[in-house]
Amino acid sequence: MMNMSFAAENYPTSGVRAMFERARAYNDAINLVLGEPGPTTPDAIIKTAVDGLLAKKTKYTPNLGILPLREAISRKMIRENHVYFNPEDEIIVTTGATEALMLTMLTLINPGDEVIIPDPAWPDYLGQVLMSHATPVFAKLHEENQFKMTADVIRPLLTNKTKLIVLNSPANPTGAMLDHSDLAEIAKMIEERGIYAISDEPYERLVYDDNRHVSLASFEGMKNYVITINSFSKTYAMTGWRMGYACTNAFMIEKMVKLHENITSCLSEAFQLAGAYALDFGDESIKIMRNGYLENRNLLVDALNSMNGFRCHTPPATFYAFPNIKGLNLNSQAAANLILDKCHVVTSPGGAFGESGEGFIRICFATSKENLAEAVMRMKNYFG
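Residues numbered from 1 in each chain as written. Predicted model: local features only at pLDDT ≥ 70, side-chain atom pairs only at ≥ 80, totals over all residues. Heavy atoms only, no water.

### With respect to the overall build of the chain
Helices and strands together make up the secondary structure of the chain, namely 13 helices and 12 strands. For the chain, whose C-alpha radius of gyration is 21 Å, the value lies close to the compact-globule estimate of 21 Å for 384 residues. Its C-alpha atoms put the chain at 60 × 55 × 55 Å along the principal axes. Each of the 384 residues in the chain was classed as buried or not, and the buried ones make up 56%. A sequence separation of at least 24 residues applies to 74% of the contacts in the chain between residues at least 6 apart. In the structure as shown, the chain presents an accessible area of about 16300 Å², 52% of it carried by carbon and sulfur atoms. (Helix = DSSP H or I, 4+ residues; strand = E, 2+ residues; numbered from the N terminus. Rg over C-alpha atoms; globule rule 2.2 N^0.38 Å. Buried < 20%, exposed > 50% of the residue type's maximum accessible area, 1.4 Å probe, protein only. Contact = heavy atoms within 4.5 Å. Areas by Shrake-Rupley, 256 points an atom, 1.4 Å probe, with all protein chains shown as cover.)

Set out below in structure tokens:
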């Protein structure tokens, strides 16, 4: 056999996808494993794309993305995130937020650099650090601190090799959020040390109660250090459209676009027009989805806290609950397997998101209320 690359050999296998595949054995399994909105893309967004295709908008587009979409992103960033990015040279449209993350890593990182990533976290952060030939440094997050990746958690991990910090607020898989004071401390630390930060914000509109999302880039001077990454997938139920974007200073964007040209080059113009429409006119659909998710969150958290062996804090954002299952006296994989085999409900083992996720499972509540109620009933009938 030929020798494979280090990244290919060591890229983490998705524990989430493994549970999804295992569930195929049960034709009545309720899927609460994939991080995907239950609703489909709103009709008006779909119609915009269809109209674009019928108008023959099927050619290559600029590598940065079409200007109408970049202008819509710029308006959105002013309106919601309180920071201005010039649509001409400070925004790039990417094939999902996943590509935006990879582009950022490849643009900034050299072999041997250290990248601080949260643990637990979306596993692709680790995989992309490995593909960039950098060294991952894990910021261990704990339930006692609501899984928040604060400056106090990050600071002891900084060395002279630290090049990049990855922040995800609101966070997958925990639903954790950093507030204004948390981010102010991080911004101060970043500027003092002269290091970069990715602020990955795809769940920014799925925030509940009195919580408020704050973007790290909105703090003075952060545009030189922060790459804000976002996606249409979670906010507008557009996971299959594969559209994301990154906003940062023009120098960084100039470097990123060269790499983007050699990876995916560009996205469909019709889809980009639909993205611009979503940003300008999609607020009502967000409110409807968020209200449904809020009801589901409350139903799920209340149910989990009434079951033997489970303890669940109320997530302030996202569509994930991250209950503590240590009371079951099982590791997270065994617990997820038990829930699937006995209840036919598919969840994600917390260990799939890092060592600090062990002892927890992730449950996605972005499903119909009927599905969630049935899943909860099955689990309560088994666990009591």
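After that view, the rundown keeps rolling.
### A short note on the packing of aromatic side chains
The geometry of an aromatic ring pair comes down to the distance between the two centres and the angle between the two planes. Under the defined criterion, the tally for this structure stands at 14 aromatic pairs. Taken together, the aromatic side chains of Tyr 203, Tyr 293, Phe 319 and Tyr 320 make up a single cluster linked through ring pairs. Above the plane of the ring of Phe 20 lies Arg 17, whose end atom (NZ or CZ) is 5.7 Å from the centre. A cation over a ring is seen here: Lys 223 above Phe 85, with NZ or CZ 5.0 Å from the ring centre. (Phe/Tyr/Trp six-rings, centres within 6.5 Å; stacked < 30°, edge-to-face > 60°. Lys NZ or Arg CZ within 6 Å of the ring centre and 35° of its normal.)

### Re the sheet that holds strand S12 (residues 361-364)
Backbone-to-backbone hydrogen bonds join strands into a sheet, with any given pair of strands oriented parallel or antiparallel. With antiparallel pairing, the 3 strands of this open sheet are ordered in space as S9-S12-S11. Across the chains shown, the open sheet's two edge strands, defined by having one partner strand only, are strand S9 (320-321) and strand S11 (348-349). (Pairing = 2+ DSSP bridges.)

### Comments concerning the pattern of salt bridges
Should their charged atoms come close, side chains of opposite charge can pair. Inspection of every chain in the model, using the stated rule, returns 20 salt bridges. Two residues, Asp 209 and Arg 297, come together in a salt bridge whose shortest N-O distance is 3.0 Å. Of this pair, Asp 209 sits in the loop between strand S6 (196-200) and strand S7 (226-231) while Arg 297 sits in helix H11 (residues 283-304), and the two are 88 residues apart along the sequence. Judged by its relative accessible area of 52%, Asp 209 is exposed. (Salt bridge = Lys/Arg side-chain N within 4 Å of Asp/Glu carboxyl O.)

### Section: unusual backbone geometry
Pro 170 follows Ser 169 through a cis peptide bond whose omega is -5 degrees. With respect to the helices, strands and loops of the structure, Pro 170 is situated in the loop between strand S5 (162-168) and helix H8 (180-193). Here the amide bond leading from Asn 172 into Pro 173 is cis, since omega sits at 20 degrees, within 30 degrees of zero. Its identity is not glycine, yet Arg 242 carries a phi of approximately 55 degrees, on the positive side. By the secondary structure assignment, Arg 242 is in the loop between S7 and strand S8 (244-247). In this structure, His 344 is a non-glycine residue whose phi angle is positive, near 55 degrees. Its location among the elements puts His 344 in the loop between helix H12 (332-343) and strand S10 (345-346).

### Things to note about the nonpolar core
One finds Ile 73, Ile 154, Ile 165, Ile 186, Ile 190 and Leu 216 to be the most contacted residues of the largest nonpolar core, which totals 63 residues. Tallying contributions element by element places H8 first for this core, with 5 residues. Excluding anything up to four places from it in sequence, Ile 190 contacts Ile 165, Ile 195, Ala 197, Leu 216, Met 222 and Tyr 225. Within the second largest apolar cluster, 34 residues are counted, among which are Ala 237, Leu 300, Cys 364 and Ala 375. (Core = buried A, V, L, I, M, F, W, Y, C linked by side-chain atoms within 4.5 Å.)

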